[in-house]
Each structure stands twice: as structure tokens, then as C-alpha cells.
Amino acid sequence: METTQPTAPALEVSGLIKRYGALTAVNNVSFTVQRGEVVGFLGPNGAGKSTTLRVLAGLLAADAGLVKVCGVPVASQAAQARLHLGFMPENNPLPEDLRVIEYLRLRADLKGLRGARRRERVQKVMELCDLHRTASRKIIGSLSKGFRQRVGIADALLAEPDVVVLDEPTIGLDPHQILQIRELLAGLRGKHTVLLSSHILAEVEQSCDRVIIINQGNLVAAGRPADLRQEFLPGERWELEIVGDPEPAQAVLKTLEPAATVTSAPVAEGVTVLRFHTSTGPQFGEKLLAELSRRQVSVRSLRRHEASLEDIFLAATKRGWDGLTPKA
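In this text the structure is predicted, and so the values were computed from the model without any measurement.

Quick notes on the rules
- Residues numbered from 1 in each chain as written.
- Predicted model: local features only at pLDDT ≥ 70, side-chain atom pairs only at ≥ 80, totals over all residues.
- Heavy atoms only, no water.
- Pairing = 2+ DSSP bridges.
- Helix = DSSP H or I, 4+ residues; strand = E, 2+ residues; numbered from the N terminus.
- Axes fitted to C-alpha atoms, helices over the stretch in contact; angles between N-to-C directions.
- Contact = heavy atoms within 4.5 Å.
- Phe/Tyr/Trp six-rings, centres within 6.5 Å; stacked < 30°, edge-to-face > 60°.
- Lys NZ or Arg CZ within 6 Å of the ring centre and 35° of its normal.
- Parallel < 35°, antiparallel > 145°, perpendicular 65-115°, else oblique.
- Left-handed = near helix turned anticlockwise from the far one by under 90°.
- Core = buried A, V, L, I, M, F, W, Y, C linked by side-chain atoms within 4.5 Å.
- Buried < 20%, exposed > 50% of the residue type's maximum accessible area, 1.4 Å probe, protein only.
- Salt bridge = Lys/Arg side-chain N within 4 Å of Asp/Glu carboxyl O.

Visitor: Just to check I follow, could you spell out the sheet that holds strand E12 (residues 263-268) for this structure?
Guide: Strand pairing in a sheet relies on backbone hydrogen bonds. The paired strands run either parallel or antiparallel. Taken in spatial order, the four strands of this open sheet run E12-E13-E11-E14, and their pairing is antiparallel. Pairing within the sheet leaves two strands with one partner each, and these edge strands are E12 and strand E14 (298-305). Neighbouring strand axes in the sheet, compared pairwise and without regard to direction, differ in orientation by 25 degrees on average. Taken together, the five bridges between E12 and strand E13 (residues 271-278) define a ladder with antiparallel strand orientation. Residue pairing across strands places Ser264 opposite Leu274, the latter belonging to E13. Across the sheet, helix H9 (residues 247-256) touches strand E11 (236-243), E12 and E13, and the angle it forms with E13 is around 10 degrees.

And the structure:
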């Protein structure tokens, strides 16, 4: 039997295709996740995210392609591959009538944990997920959404898998609960490889080393947010607030950056904000302020805006809808 390969990537997906009748949910998707990485897996609703994750977990059979977990092929050695992967599905189904500790003991049994090892791991994941103080003896059906998500994450971590795959772990949570789950995910860094699907892009941006974006079943972007900014939204975006007549400032902008598209809007009496994009880098701000001062233009503020992951996501998915393929 083939076993894990210590030097193999944590996840390898090559040419993955999954169809539901005439619908191609995942279309020739390929990506790699290295060991120790925390990677965000993003896409609009219906993009194929959950289908891809269920194939990774061995819960769905692919129609074509190859998926490996720590070097073990999922299709031919599903049981062996599952030893290296913990999975929390979206809307994680939990038994309503069991206590938290009873459920985790049952799941530990199903994962082959026995005796002292079983007791140790159940206690460890309850502590890690902050279930040990008040929630361990509670009936799962009485728990808040946030604590139910914690139970799902604890289940995924029980057998100390090399790879943890979490499908929308923050779905339906309030901001306080999201912050708690973020802190929990931060605790996994360096201990597990994590593939995280989420619609809350600010959380992904703070938690993940890289992102993978799919749309309509196609991979449309993959890389570090900083690299994707340069790929999809190169240059710099600025906001300039002017007191008084904005036309002299617009003329300066056109002189320094002839290709810039400038939009203007009043923000207060006698104050106008000019928004524009440049390709000359952050040093443009110093040149602009110097020239505005020379022309005696009254500047209230100048701000440079770095594109957020949400901006990247919108640009990448638009490219997917336009039918373009991503750069290699």
C-alpha cells in the first residue's frame, strides 16, 4: 500500500473535472498547496468550491483528474488519504441530541482512536476550540451557531491530520464569533496545512498566505494577495481632497499622469474629492503634492488606497465571466 510521502505537497489537484449531468461544476482545475500553508479557497456562490472540497475529502468521485493528499491518491486509496485530512463541510450536520463530549468521543472512535489516545485527543481539541469550560456537557442542539462551528472544527482536528479543510467555518456567525474563529484558525498555523473556504474576504486576507479563486468551475486566479494585486489591479489608487475650485488640481493631474481617469465628487461645502489611478508607483504622491503647492492649490488630504482582497476577487471573477484564462 502506498503511504504518505514526506516531501510531497499537502494537496495536489491536477485536471479535476466533476459533472452533474450536463452541468460541469468543476472544469479542469489544477492547484497545489504546500505543507504548512494556510490557503483561502474563494469563489461566488455556485462556483464549484464545495464540490471541489468534497472531492478532496473523498466524499465525491471526480469524473477526471488526479487528487492527492500528502502524496496519496484519493481516488484509489481513499481510506489512506483520509488519514491525512480533516474535513468540516459547509452547514456541518451535527446530531442534535448528543452532548459535545459524547459526539467527539463517537467521532474519535470512528477515526480509529482508542484508549488513552482517544481521551487525550478529545480533551485537546475541546481545549483548542474552547469547548472544555462550559460547552462539553451541553446538548449540541442547545448550542449557538458559533459553538456548533467550533464543534465541527474540533471534529476535523481530532486525529491530528496533516491537512485541515474547512468549508465556510464562519458562515452565519456574528462579528464577535467570527473574531473567535479567526483566533482559533491562527492557532492552527504551523501545526497543520489549512485550506479555508469563506465568503468573508477580510477574514481570508488576514488569515491566509495565498488564495485560490474559482468561478463557474474554472480556476481564475491563484497566488499571494500582493502578487494578485499586481496581476489584476496594477498601479496605485488615490483620493485627493481639494478645498475650493478642483479644476487646477485636475489640470495638474492630467499634466503629471496624462492617461489617468479622474472622477470628482463634492464631500462637503467647498470640498471636492478627486479619485484617480496611476501607474507610476507610490512616489507619485510626493510629485503631486509638490506641484499642487507650487500652483497654490489648497489640499485637505491625499490618500493612497491598496486594493483589498475584495477588489482582487471582483476583478478575478469578472475575468472568469469574460471567458479569459488566468496567467500561469
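Moving on from the model shown.
Visitor: Hey, could you run me through the packing of aromatic side chains in this one?
Guide: How two aromatic rings sit relative to each other is given by the distance of their centres and the angle of their planes. Considering all chains together, one arrives at four aromatic pairs under this definition. Judged by centre distance (5.6 Å) and plane angle (40 degrees), the rings of Phe31 and Phe41 are tilted. Of this pair, Phe31 sits in strand E2 (residues 23-33) while Phe41 sits in strand E3 (residues 38-42), and the two are ten residues apart along the sequence. Aromatic ring contacts, followed pair by pair, group Trp238, Phe276 and Phe284 into a single cluster. In this structure, Lys18 packs its charged tip against the face of Tyr20, placed 5.5 Å from the ring centre. Here the guanidinium or amino end of Arg150 rests over the ring plane of Phe147, the centre of that ring lying 5.6 Å away.

Visitor: What exactly am I supposed to notice about the packing of H9 against helix H10 (residues 284-294) here?
Guide: Each pair of packed helices can be summarised by the angle the axes make with each other and by the distance between the axes. Put simply, H9 and H10 touch, their axes get as near as 10 Å, and they point 135 degrees apart. Taken as axis vectors, H9 and H10 run oblique relative to one another. Considering how the two elements wind past one another, H9 and H10 form a crossing that is right-handed. The residues of H10 that touch H9, namely those facing Ala249, Val252, Leu253 and Leu256, are Phe284, Lys287, Leu288, Glu291 and Leu292.

Visitor: Help me understand the sheet that holds E2 in this model?
Guide: An order of E2-E1-E4-E5 is seen for the four strands of this open sheet, with the pairing classed as antiparallel. The open sheet has two edge strands with one neighbour each: E2 and strand E5 (72-73). Bridging between strand E1 (residues 11-20) and strand E4 (residues 64-69) involves five bridges; their strand directions are antiparallel. Note on E4: the bridge partner recorded for Leu11 is Val69.

Visitor: Before we go on, may I ask you to explain the nonpolar core in this structure?
Guide: Within soluble globular proteins, side chains that are nonpolar tend to cluster in buried spots. If you look at the biggest cluster of nonpolar residues, it comprises 49 residues, and the most contacted ones within it are Leu42, Leu104, Leu131, Ile153, Leu166 and Ile213. Residue contacts for Ile153: discarding those within four places in its chain leaves Met88, Cys129, Leu166, Pro169, Ile181 and Leu184. Counting residues in each nonpolar core, the second largest holds 30 residues, with Val13, Leu16, Val33 and Val67 among its members.

Visitor: So what exactly am I meant to see when it comes to the environment of Val204 here?
Guide: In this structure, Val204 sits in helix H7 (residues 201-207). With 21 residues separating them in the primary sequence, Val204 and Glu183 have C-alpha atoms 12 Å apart. If sequence neighbours within four positions are ignored, Val204 has contacts with Gly40, Leu42, Ser198, Val211 and Leu309.

Visitor: How should the pattern of salt bridges be read in this particular structure?
Guide: Once the charged atoms of two side chains with opposite charge are near each other, the side chains can pair. Taken as a whole and assessed by the stated rule, the structure comprises 22 salt bridges. With a shortest N-O distance of 2.3 Å, Glu160 and Arg117 are connected by a salt bridge. Here Glu160, found in the loop between helix H5 (145-157) and strand E7 (163-167), pairs with Arg117, found in helix H4 (residues 115-128); they are 43 residues apart in sequence, far enough to count as distant. Here Arg133 ties to Asp130 by a salt bridge, and the two come within 2.7 Å at their closest N and O atoms. Residue Arg133 is classed as exposed on the basis of its relative accessible area of 62%. Ionic contacts of the salt-bridge type, sharing partners, join the residues Glu239, Glu241, Arg275, Arg300 and Arg303 into one network.

Visitor: Please clarify how unusual backbone geometry should be interpreted in this entry.
Guide: The phi angle of most residues is negative, glycine excepted, and most peptide bonds adopt the trans form. Phi at Asp130 takes a positive value of approximately 55 degrees, unusual for a residue other than glycine. By secondary structure assignment, the location of Asp130 is in the loop between H4 and H5. In this structure Asp130 comes out as partly exposed when scored by relative accessible area, which is 24%.

Visitor: Help me out: how do you make sense of the environment of Arg114 in this one?
Guide: The residue Arg114 is located in the loop between helix H3 (100-110) and H4 in this model. You can call Arg114 exposed: its relative accessible area is 53%. As for Arg114 and Leu195, which are separated by 81 residues in sequence, their C-alpha atoms are 28 Å apart. Among all residues touching Arg114, those that are not within four sequence positions of it are Ala108 and Asp109.

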